[in-house]
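Chain by chain, the residues:
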Amino acid sequence: MKYIKSLLTMLLVAISFTACNEYDDFDKDAIAVNYPSREALSLGHYRSTYTANSDYEYDVVLTQNTLGDTVAYVFMTGKPETDDAGIIRTIAVADDVQYNDTLGMLTAVAPEEASFYEEEVSVAMAFKADQKTITLSLKYGEEMVATHVSKVDEMPTFYATWYGVPEGSESNNYEIGFNIMQTASALEDGTEYNVIIATLTGNEPGMYTIEGNVMTITGLFSGNVYTLQYNEICQLVATDAAGKKYFLDAERSEPEPETFEAYATGRYVHGVKGSLFVNAFGQEIPNMLGQYLPSTNYEATLYQSTRKANRFVIEPWAGGAEPLYFIVDTETNQIEVPGSFTGLGGNTGEPLLAIDCYSMLGEYPSVYDPEAGSFEFYLVLTDFVYYYGVDADQYIITGEVTGTQKKTIKKNGKPVVAKQSPLKAFAVKKR
């Protein structure tokens, strides 16, 4: 339903935007408009001419991914004399591309995991009656962007993260990747690199040069050479020194950390119930955090996101590895905990995460009581191989914060830490 609502909203906005621009020509355009057909709607590079009231310009690349599906890559570039001047980000990788030739309307959706904003991005491109001018509309959260775009002959940007499979491959696994940066970084020995190359045998830094429409990448350690070039349908293709070709898929730019401001003080209690009978397992499940943590009852601060008012973190929490990150549904007050590290380890050697029980097992929903100022958490402890416990916890607001405090947290709950070596931070993955 959320997906349908998003597309319907974009459809109405784009039609309204087009109609307002063509109202003066209503009489002469009263007859039906023959918009480009599905077959005539060409893949390629579309660029915004000027986006008013925005610090950014936008590019849309309609192409095919390595599975042969039509996709829309949306790139955002900071305008000159802004804080992000010249910085290029991949803000959406939108699939399920649909085109209605009666309305001259193309729609696509980038799900949360394919969005720079970590929330669904709806994309709509609407032709005007002249069949040339196109209105691009982007919607994510409460934000809306509208601009005109037109097809251009210039190649799209190379600056993105790409994953590829060999030509003709039927495997679901990517075999190569390129993280192409706009600015150079340096290894510990001072050696500069501006791309990270990922293969099945490991990662290495590299350098690139651009001549015309071709980027050449050379691995600093292996000396392996790859040339990257867009083909006639705007797929980016990498070719190695032996002539082997890889078709590449773009990935969203790494989402930026989210800032949370102190909202209230309170007390967190682990194990308000000693155990729970869980229907999914047909037995009583122990409250592990209440048993094994050094402290099960302590003062903690509640922080609220400055980006989305229904996202919160509690710190300190559990073993202190990171805060507890959660989302409150504004209509039902039900709580979602996507996954926060507890500080405990499991049988597999992997750390245990806490995820709300309702999301994992369909029972014991976590809820917020605004009148009592209390949060009831039912948390499954898992390493995604085993389940170790289902905890019943509680956080009760006790007072207001004094002074101003801020936390910078990634949306998945992981605290922001110093970046790892770039050679460990990029890996070939599954499609």
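A brief structural summary. The shown structure was predicted, so the numbers you read here are calculated from the model rather than taken from an experiment.

**Quick word on the overall build of the protein chain**
Tallying secondary structure elements over the protein chain gives 3 helices and 29 strands in all. Residues counted as buried form 45% of the 431 residues belonging to the protein chain. Contacts spanning at least 24 positions in sequence make up 52% of the contacts within the protein chain whose residues lie at least 6 apart. Surface exposure of the protein chain reaches about 21700 Å², of which carbon and sulfur atoms provide 49%.

**Regarding the pairing of strand β2 (residues 56-64)**
Of all the 9 residues making up β2, 8 are buried; the element is thus mostly covered by neighbouring parts of the structure. Where strand β1 (residues 44-48) lies against β2, 4 bridges are found, and the strand directions are antiparallel. Paired with His 45 across the two strands is Val 61, which belongs to β2. Here 9 bridges tie β2 to strand β3 (residues 70-78), and the two strands are oriented antiparallel to one another. Its bridge partner being in β3, Val 60 is matched across the sheet by Val 74.

**Regarding the environment of Pro 205**
Mapping Pro 205 onto the fold places it in strand β12 (residues 202-211). Sequence separation between Pro 205 and Leu 220 is 15 residues; the distance between their C-alpha atoms is 5.9 Å.

**Brief notes about the packing of aromatic side chains**
This model, assessed by the stated rule, comprises 24 aromatic pairs. Seen from their ring centres, Phe 178 and Tyr 226 are 5.4 Å apart, and the 75° between their planes marks the pair as edge-to-face. Highlighted residues: Phe 178 in strand β10 (residues 176-186) and Tyr 226 in strand β14 (residues 225-230), separated in sequence by 48 residues. In this structure, Phe 178 and Tyr 226 share a single accessibility class: buried. Look at Tyr 268 and Tyr 395: their rings are 6.4 Å apart centre to centre, the planes differ by 40°, and that puts the pair in the tilted class.

**Here's the deal with the sheet that holds β10**
Spatial ordering of the closed barrel is given by β9-β10-β11-β12-β13-β14-β15-β16, a layout of 8 strands whose pairing is antiparallel. Across the sheet, the mean angle separating the axes of adjacent strands is 30° when strand polarity is ignored. In terms of strand pairing, β14 meets strand β15 (residues 236-240) through 5 bridges, oriented antiparallel. Paired with Tyr 230 across the two strands is Leu 236, which belongs to β15.

**Section: the side chain of Asn 194**
Within the element layout of this structure, Asn 194 appears in strand β11 (residues 192-199). Look at Asn 194 and you get buried, because its relative accessible area is 9%. At 3.0 Å, the side chain of Asn 194 and the backbone nitrogen of Tyr 208 are in polar contact. Not counting residues within four places of it along the chain, the set of residues in contact with Asn 194 comprises Asn 179, Ile 180, Met 181, Thr 183, Ala 184, Gly 206, Met 207 and Tyr 208.

**Focus: the pairing of strand β8 (residues 143-152)**
Relative to β8, β1 is paired through 4 bridges, and the arrangement is antiparallel. Within β8, the position partnered with His 45 by the bridge is Val 152. Taken together, the 7 bridges between strand β7 (residues 134-140) and β8 define a ladder with antiparallel strand orientation. Bridged to Ser 137 within β8 is Ala 146. Between β7 and the antiparallel strand that follows it, β8, lie 2 residues; Gly 141 among them carries a positive phi value of about 60°.

**Regarding unusual backbone geometry**
Residue Pro 316 is reached from Glu 315 by a cis peptide bond, and omega for that bond is 0°. Tracing the sequence through the fold places Pro 316 in the loop between β21 (311-315) and β22 (324-328). A positive phi angle, close to 55°, is found at Asn 53, a residue other than glycine. For Asn 53, the location among the structural elements is in the loop between β1 and β2. On the basis of relative accessible area, Asn 53 is assigned to the exposed category, the value being 84%.

**A closer look at a negative patch on the surface**
Taken together, the side chains of Asp 69, Asp 95, Asp 96 and Glu 113 present a region of like negative charge at the surface. If you trace the backbone, Glu 113 turns up in the loop between β5 (105-110) and β6 (121-127).

**Considering the sheet that holds β6**
If you walk around this closed barrel you meet the 8 strands as β1-β2-β3-β4-β5-β6-β7-β8, and the pairing is antiparallel. If you compare each strand with its neighbour and ignore which way they point, the axes differ by 30° on average.

**Side note on the pattern of salt bridges**
Tallied over the full model, the rule gives 6 salt bridges. For Lys 308, the salt bridge is made with Glu 119, and the minimal N-O distance between the two is 3.6 Å. With Lys 308 in the loop between β20 (297-305) and β21 and Glu 119 in the loop between β5 and β6, this residue pair connects regions lying 189 residues apart in the sequence. For Glu 119, a relative accessible area of 14% puts it in the buried group.

**Some remarks on the nonpolar core**
With 56 residues, the main nonpolar core has Trp 162, Phe 178 and Leu 228 as its most contacted residues. Per-element tally for this core: the top contributor is strand β4 (residues 88-100), with 7 residues. Tyr 298, Trp 317, Ile 335 and Ala 354 belong to the second largest nonpolar core, which has 24 residues in total.

How each quantity is defined
Residues numbered from 1 in each chain as written. Predicted model: local features only at pLDDT ≥ 70, side-chain atom pairs only at ≥ 80, totals over all residues. Heavy atoms only, no water. Helix = DSSP H or I, 4+ residues; strand = E, 2+ residues; numbered from the N terminus. Buried < 20%, exposed > 50% of the residue type's maximum accessible area, 1.4 Å probe, protein only. Contact = heavy atoms within 4.5 Å. Areas by Shrake-Rupley, 256 points an atom, 1.4 Å probe, with all protein chains shown as cover. Pairing = 2+ DSSP bridges. Phe/Tyr/Trp six-rings, centres within 6.5 Å; stacked < 30°, edge-to-face > 60°. Axes fitted to C-alpha atoms, helices over the stretch in contact; angles between N-to-C directions. Polar contact = N/O pair within 3.5 Å; in protein donor to acceptor, adjacent residues only side chain to side chain. Patch = residues over 30% accessible without salt bridge, like charges linked within 9 Å, V, L, I, M, F, W, Y side chains within 5 Å. Salt bridge = Lys/Arg side-chain N within 4 Å of Asp/Glu carboxyl O. Lys, Arg positive; Asp, Glu negative; His and termini not counted. Charge placed at Lys NZ, Arg CZ, Asp CG, Glu CD. Core = buried A, V, L, I, M, F, W, Y, C linked by side-chain atoms within 4.5 Å.

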